[in-house]
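Working through the structure, step by step
These are the residues of each chain, in order.
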Amino acid sequence: MIPIATFGIVAVILFFAAFISKRRFGLLGLALTAGATLSTLWSYDAGLVVSSLGFIPEGELTQAVTQSAVVLLPAFLLLFHGYTYKNLILRIFGSLAFTILAVAFLVEPIGYALPLSGDGATVYNYIKQYKDIIISVGVVLAVIDLFFTKRAKHVEKEHGKH
(Lines give C-alpha, C1' and ligand atoms only; values in the text may rest on other atoms or scores of the structure.)
Protein backbone atom coordinates (compact mmCIF):
# COMPACT_ATOMS: atom_id res chain seq x y z
CA MET A 1 0.00 0.00 0.00
CA ILE A 2 2.93 2.34 0.64
CA PRO A 3 4.00 2.42 -3.05
CA ILE A 4 0.46 3.36 -4.12
CA ALA A 5 0.34 6.23 -1.63
CA THR A 6 3.84 7.37 -2.56
CA PHE A 7 3.14 7.40 -6.29
CA GLY A 8 -0.18 9.14 -5.64
CA ILE A 9 1.40 11.89 -3.56
CA VAL A 10 4.23 12.39 -6.05
CA ALA A 11 1.74 12.52 -8.93
CA VAL A 12 -0.47 15.11 -7.21
CA ILE A 13 2.50 17.34 -6.36
CA LEU A 14 3.89 17.14 -9.91
CA PHE A 15 0.50 17.79 -11.50
CA PHE A 16 -0.20 20.89 -9.44
CA ALA A 17 3.33 22.23 -9.90
CA ALA A 18 2.95 22.01 -13.67
CA PHE A 19 -0.66 23.25 -13.62
CA ILE A 20 0.05 26.30 -11.46
CA SER A 21 3.13 27.26 -13.47
CA LYS A 22 1.16 26.99 -16.77
CA ARG A 23 4.35 25.79 -18.51
CA ARG A 24 4.12 23.87 -21.76
CA PHE A 25 4.68 20.13 -21.68
CA GLY A 26 7.21 20.05 -24.52
CA LEU A 27 10.05 21.75 -22.72
CA LEU A 28 9.21 20.14 -19.37
CA GLY A 29 9.08 16.68 -20.93
CA LEU A 30 12.45 17.09 -22.57
CA ALA A 31 13.85 18.45 -19.29
CA LEU A 32 12.66 15.27 -17.57
CA THR A 33 14.42 13.26 -20.28
CA ALA A 34 17.62 15.23 -19.71
CA GLY A 35 17.31 14.69 -15.96
CA ALA A 36 16.81 10.96 -16.41
CA THR A 37 19.90 10.80 -18.61
CA LEU A 38 21.96 12.70 -16.04
CA SER A 39 20.55 10.47 -13.31
CA THR A 40 21.90 7.34 -15.00
CA LEU A 41 25.29 9.00 -15.43
CA TRP A 42 25.59 10.53 -11.97
CA SER A 43 23.54 8.24 -9.72
CA TYR A 44 26.42 6.64 -7.85
CA ASP A 45 28.52 9.80 -7.47
CA ALA A 46 25.56 11.98 -6.54
CA GLY A 47 24.48 9.41 -3.95
CA LEU A 48 27.94 9.51 -2.39
CA VAL A 49 27.87 13.30 -2.24
CA VAL A 50 24.45 13.36 -0.58
CA SER A 51 25.38 10.66 1.93
CA SER A 52 28.65 12.43 2.77
CA LEU A 53 26.69 15.58 3.61
CA GLY A 54 24.86 13.56 6.26
CA PHE A 55 21.29 14.58 5.40
CA ILE A 56 20.26 11.05 4.55
CA PRO A 57 22.09 7.93 5.76
CA GLU A 58 23.88 5.97 3.06
CA GLY A 59 21.86 3.21 1.45
CA GLU A 60 18.97 2.56 -0.88
CA LEU A 61 17.02 5.60 0.34
CA THR A 62 19.93 7.88 -0.48
CA GLN A 63 20.17 6.48 -4.00
CA ALA A 64 16.41 6.80 -4.51
CA VAL A 65 16.23 10.39 -3.29
CA THR A 66 19.33 11.42 -5.23
CA GLN A 67 18.19 9.82 -8.49
CA SER A 68 14.72 11.30 -8.14
CA ALA A 69 16.13 14.76 -7.45
CA VAL A 70 18.44 14.62 -10.47
CA VAL A 71 15.56 13.50 -12.70
CA LEU A 72 13.27 16.30 -11.53
CA LEU A 73 15.75 19.16 -11.13
CA PRO A 74 15.92 20.31 -14.79
CA ALA A 75 12.13 20.25 -15.09
CA PHE A 76 11.63 22.16 -11.83
CA LEU A 77 14.08 24.82 -12.98
CA LEU A 78 12.04 25.25 -16.14
CA LEU A 79 8.79 25.56 -14.17
CA PHE A 80 9.83 29.17 -13.61
CA HIS A 81 10.84 29.99 -17.17
CA GLY A 82 9.52 29.16 -20.60
CA TYR A 83 6.43 29.17 -22.74
CA THR A 84 3.00 28.91 -21.15
CA TYR A 85 -0.42 27.59 -22.07
CA LYS A 86 -3.23 30.07 -22.56
CA ASN A 87 -6.02 27.47 -22.85
CA LEU A 88 -7.25 25.63 -19.71
CA ILE A 89 -7.82 22.31 -21.52
CA LEU A 90 -4.28 22.33 -22.96
CA ARG A 91 -2.93 23.30 -19.55
CA ILE A 92 -4.64 20.30 -17.94
CA PHE A 93 -3.42 17.99 -20.73
CA GLY A 94 0.14 19.30 -20.42
CA SER A 95 0.15 18.93 -16.64
CA LEU A 96 -1.23 15.41 -16.87
CA ALA A 97 1.30 14.41 -19.54
CA PHE A 98 4.12 15.88 -17.44
CA THR A 99 2.93 13.94 -14.38
CA ILE A 100 2.65 10.63 -16.21
CA LEU A 101 6.06 11.03 -17.84
CA ALA A 102 7.69 12.02 -14.53
CA VAL A 103 6.17 9.05 -12.69
CA ALA A 104 7.44 6.74 -15.45
CA PHE A 105 10.95 8.14 -15.01
CA LEU A 106 10.70 7.89 -11.21
CA VAL A 107 9.27 4.37 -10.99
CA GLU A 108 12.63 2.65 -10.54
CA PRO A 109 14.26 5.12 -8.12
CA ILE A 110 11.17 5.18 -5.93
CA GLY A 111 10.89 1.40 -6.12
CA TYR A 112 14.39 0.97 -4.71
CA ALA A 113 13.43 2.62 -1.44
CA LEU A 114 9.92 1.21 -0.90
CA PRO A 115 8.82 -2.11 0.55
CA LEU A 116 7.11 -3.90 -2.33
CA SER A 117 4.43 -6.38 -1.34
CA GLY A 118 0.75 -7.03 -1.99
CA ASP A 119 -1.22 -4.46 -3.97
CA GLY A 120 1.68 -2.02 -3.86
CA ALA A 121 3.93 -4.50 -5.65
CA THR A 122 1.21 -5.15 -8.24
CA VAL A 123 0.81 -1.45 -9.03
CA TYR A 124 4.59 -0.96 -9.07
CA ASN A 125 5.11 -3.89 -11.45
CA TYR A 126 2.30 -2.64 -13.70
CA ILE A 127 3.85 0.83 -13.99
CA LYS A 128 7.33 -0.66 -14.45
CA GLN A 129 6.04 -3.01 -17.17
CA TYR A 130 4.74 -0.12 -19.29
CA LYS A 131 7.44 2.39 -18.34
CA ASP A 132 9.30 2.21 -21.66
CA ILE A 133 6.14 2.72 -23.70
CA ILE A 134 5.04 5.64 -21.51
CA ILE A 135 8.45 7.29 -21.82
CA SER A 136 8.57 6.77 -25.60
CA VAL A 137 5.12 8.24 -26.14
CA GLY A 138 5.82 11.06 -23.68
CA VAL A 139 9.04 12.14 -25.38
CA VAL A 140 7.39 12.06 -28.81
CA LEU A 141 4.49 14.17 -27.49
CA ALA A 142 6.97 16.60 -25.92
CA VAL A 143 8.71 17.08 -29.26
CA ILE A 144 5.36 17.52 -31.01
CA ASP A 145 4.34 20.08 -28.40
CA LEU A 146 7.51 22.05 -29.16
CA PHE A 147 6.41 22.31 -32.79
CA PHE A 148 3.20 24.02 -31.70
CA THR A 149 4.99 26.48 -29.43
CA LYS A 150 4.79 29.97 -30.80
CA ARG A 151 6.91 32.80 -29.68
CA ALA A 152 5.10 35.54 -27.80
CA LYS A 153 4.57 38.66 -29.83
CA HIS A 154 6.38 41.64 -28.42
CA VAL A 155 4.83 45.01 -28.85
CA GLU A 156 7.38 47.53 -29.93
CA LYS A 157 7.42 50.68 -27.91
CA GLU A 158 7.13 53.91 -29.79
CA HIS A 159 10.12 56.09 -29.38
CA GLY A 160 9.47 59.78 -28.95
CA LYS A 161 10.45 62.01 -31.84
CA HIS A 162 13.12 64.54 -31.10
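In case you missed it, the structure is sitting above this.
My aim in this report is to walk through the structure given alongside it, one point at a time.

Thresholds applied
Residues numbered from 1 in each chain as written. Predicted model: local features only at pLDDT ≥ 70, side-chain atom pairs only at ≥ 80, totals over all residues. Heavy atoms only, no water. Salt bridge = Lys/Arg side-chain N within 4 Å of Asp/Glu carboxyl O. Helix = DSSP H or I, 4+ residues; strand = E, 2+ residues; numbered from the N terminus. Buried < 20%, exposed > 50% of the residue type's maximum accessible area, 1.4 Å probe, protein only. Expected span 1.5 Å × (residues − 1). Arc of directions from axis to C-beta. 1 Å grid on protein atoms, 1.4 Å probe; cavity = no way out; pocket = protein on both sides within 12 Å on 5 of 7 lines; lining within 4 Å. Points joined across faces, edges and corners; volume = space filled by probe spheres on them. Nonpolar A, V, L, I, M, F, W, Y, C, P; charged D, E, K, R; others polar.

Structural notes on the pattern of salt bridges
Tallied over the full model, the rule gives 3 salt bridges. With a closest N to O distance of 2.8 Å, Arg24 and Asp145 form a salt bridge. Placement of Arg24 in the loop between helix H1 (2–21) and helix H2 (25–53) and of Asp145 in helix H6 (residues 131–147) is noted, with a sequence separation of 121 residues between them. Assessed through its relative accessible area of 11%, Asp145 is described here as buried. Between Glu108 and Lys131 there is a salt bridge; the shortest N-O distance is 3.3 Å. Taken as a pair, Glu108 in helix H4 (residues 88–113) and Lys131 in helix H6 lie far apart in primary sequence, 23 residues in all. Judged by its relative accessible area of 25%, Glu108 is partly exposed. According to the relative accessible area criterion, Lys131 is buried, its value standing at 16%.

Things to note about H6
A rise of 1.5 Å per residue sets the reference length of H6, with its 17 residues, at 24 Å; its end C-alpha atoms lie 25 Å apart and thus fit the reference within 8%. Where H6 is concerned, the buried positions are Lys131, Ile135, Gly138, Ala142 and Asp145. Buried residues of H6, viewed axially, fall in a sector of 90°; they line one side. In H6, the exposed positions that point more than 90 degrees away from the buried face belong to Asp132, Ile133 and Phe147.

Describing empty space enclosed by the protein
Scanning all chains against the criterion turns up 2 cavities of 30 Å³ or more. In this structure, the largest cavity spans a volume of roughly 40 Å³. Taken together, Arg24, Gly26, Leu27, Tyr83, Asp145, Leu146 and Thr149 make up the lining of the largest cavity. Grouping the amino acids of the lining of the largest cavity by side-chain chemistry returns 3 nonpolar, 2 polar and 2 charged. In this structure, the second largest cavity spans a volume of roughly 30 Å³. Taken together, Arg23, Arg24, Leu27, Leu28, Leu78, His81, Gly82 and Tyr83 make up the lining of the second largest cavity.

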